[in-house]
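So you can see what is in the structure, the chains are spelled out below.
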Amino acid sequence: YTPYQPEIAQGRLEALLNFQTMIIDLTGLEIANASLLDEATAAAEAMTMSYGLSKNKAKAYFVSKDCHPQTIDVLQTRARPLGIDIIIGDHQSFSCDRSIFGAILQYPASDGTIYDYQAFIEQAHAVGALVTVAADPLSLCLLKPPGEFGADIAVGSTQRFGIPMGYGGPH
């Protein structure tokens, strides 16, 4: 807040509120945050948040092989010092059990495929795991919001919306 430029500060706060409201509408989740994190780092933050909130004391995190390669790399790097085991696999054939505290899925997948993740998410929730969806917010203008098929957390980059650095951008 700059007390000498209240109009600018007020404008930025209003733009941030509008931005977060748009993200809530697009993701179908109850709350939104805006940060300067890229999608991969936000995914790693979601993993550590899931780990901290986990009630089943598992040490493994499932990562869909359909996630962007940079997301997988950042997750592996962040997990190593925390002692988290990363399991990379196919969400369609992976059987959730008590060994995982969370999972991340890409929506749409890195190759553009659009999956229905509802059955996987229900299976993950049955073992107490939290599910993060790394979504392209622009695609959510047409696709079913992650909150509607059970996602607990959504991350993504709004850079395609052209959001400037001043209010919640570039990611």
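See the structure printed just above.
On a predicted model such as this, the values are computed, not experimentally measured, just so you know. (Residues numbered from 1 in each chain as written. Predicted model: local features only at pLDDT ≥ 70, side-chain atom pairs only at ≥ 80, totals over all residues. Heavy atoms only, no water.)

(A) Broad picture of the sheet that holds strand β5 (residues 153-155). An order of β2-β1-β3-β4-β5 is seen for the five strands of this open sheet, with the pairing classed as parallel. Of all strands in the sheet, those bounded by a partner on one side alone are β2 (85-89) and β5. The mean angle between the axes of side-by-side strands here comes to 20°, regardless of whether they run parallel or antiparallel. Sheet topology places strand β1 (residues 60-64) next to β2; five bridges connect them, and they run parallel. Bridging across to β2, S64 finds its partner in G89. (Pairing = 2+ DSSP bridges. Helix = DSSP H or I, 4+ residues; strand = E, 2+ residues; numbered from the N terminus. Axes fitted to C-alpha atoms, helices over the stretch in contact; angles between N-to-C directions.)

(B) Looking closely at the environment of I84. Turning to its location among the elements, I84 is positioned in the loop between α3 (69-82) and β2. Classification of I84 by relative accessible area gives buried; the value is 6%. Here the alpha-carbon distance between I84 and S54, two residues 30 residues apart in the chain, equals 13 Å. (Buried < 20%, exposed > 50% of the residue type's maximum accessible area, 1.4 Å probe, protein only.)

(C) Spotlight on the side chain of S54. Secondary-structure assignment places S54 in the loop between α2 (39-53) and β1. In terms of polar contacts, S54 uses its side chain to reach the side chain of N56, at 2.7 Å. (Polar contact = N/O pair within 3.5 Å; in protein donor to acceptor, adjacent residues only side chain to side chain.)

Treat this as a map of the structure, not an account of what it does.
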